[in-house]
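Coordinate analysis (summary)
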Amino acid sequence: MTQEYVTEIADFIARYLSYMLGAGVHTSRVVRNSKRLGTALGVDVSIHTSQKTATLTVCGKDDTSVMNTRVLDIPAFPISFEWNADLSALSWAAYDKKMTLDEIRMKFDALVSKPKMNPVFVLFMASLANASFCRLFGGDIWAMLVTFTATLIGFFTRQHLTRRHVNHYIVFIVSAFVASLCASTALTLGIDTAEIALATSVLYLVPGVPLINGVIDITDGHIQIGISRLVNALMLIVCIAIGMSGTLMLVKDSLL
Amino acid sequence: MDIFWNTIADYNAATWPYQIGLMAVAAILTVILWLRPCTWAKVAMKIYMVAVSLWIAFVYYGQFASGRDYSSVMTIFWCMMAAAWIYDLVTHFSSFQKSGRYRPWGVIMLLLPLVYPLISVLRGMEFPMIATPMLPSAVALYMLGMLMAFNNRINFFAFIFIVHWSIIAISKIVLFDIPEDILLAAACLPSMFIFFKEAVDADKTEHKPSVKAVSALILLVAVLIGACMVIEYV
């Protein structure tokens, strides 16, 4: 095994690792899959992860004198369950079918260059999901409709600000404020379930994936990144609370 | 329901000369934009949109409808509508250029606010207790008409605020017995389909699901909202 080959493998696994962590896959799965890829290619892989960076060492299985270590930045991709599933399957395929590095690389490039979700589709589906939450919490048809359009406005605001690279904490505060303020118009209709519309209008912002990943990471022993993810999720929840508090203070003169 | 119509009557009785003035300005600016679209007319129209939103916020909801529960919410909402137009004014986002495909629809929508008082009169109501073109829903309908008639590139923020207002209007048809707002609902649901479909069609980046599937979803949502209105009203 040559140094050049190990460097090539390290290049690829670094990309693989950063895509998986960036897409919101929990750490133990990323580590497991990367090690599996390494085994398929005949190298040992060691990984240390943190919130923004990861350290990767690849060395020959039999000859530890050939090795490559690097620190890589984790890009901020949108959460993607598709990448999670596809890239995990790729590691198994590489292991089971004894694929070469070139074959794995080609397959990886094909998987990550699949078309992304249509933003209008996501906008409508998120709004429908929130309207459904409203129904689950006991909202009537008018509360559901108000929640739908309030989410439409809030989510559109979020998409617009994110495209303009506004700080994501500010994006969360503004989106929560706008969505809850629009939902608060249900109060003027005098319907019984107006407060359900108000409460459910910000649910699309709840950072479910970082919360779940944080807990999984901690239980799997990746304490540092687990706590980082939970703190990050907590910050986002605080931002939602700030946005919603703004609405409540304006509309109801109190937070309850 | 009484307080709802009484506040409308007070508003009309006290502000009818101003309402006529605002309608005249809207008519002049619309005609200028239609016949000789120039930069100052486009800017003037956006300033008018800001002014009329603030009029609804502070004069209608802030003063005359202040007796209604949570009227301050509506004041804030219409201030957000004004903010959407100010944002447009600053970023020069919407072009207010005529688009051939939906112009007839746009003309109809621009004229629909004038039908509001006619429906009220046909229902046996008398001035000042009638719906006028300077009530919030009629103003939203006028804005929608402008977006439809000049939809080369539209102010999407203002549009989705109008969609939200239409949902409020749909509920008011049932909850406050104001069937005049059927006009806004009837205009808004097809507009929702058209504008979002145009946005999907205009995006040349390859996305999934297919454009047809997204268009079908938008149509389905518009139909569902319409069905909710019909079921609740009937």
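Above this note sits the structure.
First things first, this report covers the structure right here in the doc. Within each chain, residues carry numbers counting from 1 in the order of the written sequence. Here the convention is simple: chains get letters from A, ligands get numbers from 1, in the order in which they are written. Confidence filtering applies because this is a predicted model: local features only for residues at pLDDT of at least 70, side-chain atom pairs given and counted only at 80 or more, and all residues used for totals across whole chains, interfaces and linings. Each side-chain value is worked out from all heavy atoms of the structure, with water and hydrogens disregarded.

Notes on the overall build of chain B
When helices and strands are tallied, chain B shows nine helices and one strand. Helix and strand definitions follow DSSP, with helices as H or I runs of at least four residues and strands as E runs of at least two, each counted in order from the N terminus. Traced from its N-terminal end to its C-terminal end, chain B shows the element sequence α-α-α-α-α-α-α-α-β-α. Just to be clear, the radius of gyration here is over C-alpha atoms, and the globule rule we use is 2.2 Å times residues to the power 0.38. Over its C-alpha trace chain B gives a radius of gyration of 18 Å, about what one expects of a compact globule, namely 17 Å for 234 residues. Three labels apply to residues, based on accessible area from a 1.4 Å probe with only protein chains included: buried if under 20% of the type maximum, exposed if over 50%, partly exposed otherwise in between. Burial statistics for chain B: of 234 residues in total, 55% are counted as buried.

Details of the interface of chain B and chain A
Residue contacts follow a heavy-atom distance rule, with two residues in contact if any of their heavy atoms lie within 4.5 Å. Taken together, the 37 residues of chain B in the interface contact 37 residues of chain A. Here's the idea: put two parts together, see how much 1.4 Å probe accessible area each one loses, and the total over both is what we call buried area. Carbon and sulfur atoms make up 81% of the area that chain B and chain A hide from each other, which totals about 3,600 Å². Salt bridge criterion: a side-chain nitrogen from Lys or Arg within 4 Å of a carboxyl oxygen from Asp or Glu. Between the two partners, chain B and chain A, sit one salt bridge. Two N or O atoms count as a polar contact when they lie within 3.5 Å, although within protein this holds only if one can serve as hydrogen donor and the other as acceptor, and sequence-adjacent residues are included solely when both atoms are side-chain atoms. Linking chain B with chain A are nine residue pairs in polar contact (both at pLDDT 80 or more).

Describing helix α5 (residues 115–122) of chain B
All names here are of chain B. Turning to α5, its buried residues are Tyr116, Pro117 and Ser120. Each buried residue of α5 lies within a common arc of 90 degrees when the element is viewed along its axis, so the set occupies one face. With respect to the buried face of α5, the exposed residues turned more than 90 degrees away are Leu118 and Leu122. Among the structural elements, α6 (136–149) and α8 (182–202) are those in contact with the buried residues of α5. Count one or two residues on from α5 and you reach Gly124, which has phi positive near 90 degrees. Of all possible arcs, the one meant is that of the directions from the helix axis to the C-beta atoms.

Regarding the packing of aromatic side chains
Residue and element names in this part refer to chain B. Each aromatic pair joins two rings of Phe, Tyr and Trp (for Trp, the six-membered one) with centres within 6.5 Å, and gets the label stacked for planes under 30 degrees apart, edge-to-face for over 60, and tilted for any other angle. Evaluated as defined, the whole model comprises 35 aromatic pairs over all chains. Aromatic side chains Tyr11 and Phe64 sit 5.8 Å apart centroid to centroid with 70 degrees between the ring planes, which places their arrangement in the edge-to-face category. Remark: Phe64 occurs in helix α2 (residues 39–64) and Tyr11 occurs in helix α1 (residues 2–35); sequence separation between them is 53 residues. When its relative accessible area of 0% is taken as the criterion, Tyr11 is described as buried. One aromatic cluster is present, built from ring pairs that chain together Tyr11, Tyr18, Trp55, Tyr60, Tyr61, Phe64, Phe77, Trp78, Phe161 and Trp165.

Just distances and angles here, no functional claims.
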